[in-house]
Amino acid sequence: MYILIQKYLKLKTMVISNKLVYTRKEHTCWGCGIKFPSRSDMSIMTEVRDGKILSTSWCEVCNDFVKKPDFDWYDDIVIGDLRDEEQYKEFKKLHYG
Ligand SMILES: [Zn+2]
């Protein structure tokens, strides 16, 4: 098990779990950076990112967005990057030409 964990930690990003929850407290969406009140439907993602375990919350819109087939830069998203379409295009151009 230890060796397996070490192997995972060497990968840049690896999603461990992604579950849909009905929140009990407020959460900030990692994609759009908007604060959502308690009792919202959000997706909680637990992942290994650059060797660290990170838990992020995603609103329904952003969660749908990252699931699109042409979406290939999930690893590079920093909180708030998906706030709007313009920002998304700018971000994509900056990173992928
Ligand atoms: Zn969002």
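Residues numbered from 1 in each chain as written. Predicted model: local features only at pLDDT ≥ 70, side-chain atom pairs only at ≥ 80, totals over all residues.

## Some details on the overall build of the protein chain
To keep it simple, the criterion reads: Numbering of helices and strands runs from the N terminus; a helix is a DSSP stretch of H or I covering at least four residues, while a strand is a stretch of E covering at least two. Backbone-placed C-beta atoms define the burial measure: a residue is buried with 20 or more other C-beta atoms within 10 Å of its own, exposed with 12 or fewer, and partly exposed in between. Distance between backbone-placed C-beta atoms decides contact: two residues are in contact if it is within 7 Å.
In terms of regular secondary structure, the protein chain is built from three helices and five strands. Of the regular secondary structure in the protein chain, the N- to C-terminal order runs α-β-β-β-β-β-α-α. Within the protein chain, buried positions represent 14% of all 97 residues. Considering only contacts in the protein chain between residues 6 or more positions apart, those separated by 24 or more positions represent 51%.

## Here we look at the confidence of the model for the protein chain
Definition in use: Confidence of the prediction at every residue is given by pLDDT, a number between 0 and 100.
For the protein chain, per-residue confidence averages 81 on the pLDDT scale, and residues scoring 70 or more make up 78% of the total. Confidence, read as mean pLDDT per element, is least for helix α1 (residues 2-10) in the protein chain (57) and greatest for strand β2 (residues 27-28) (95).

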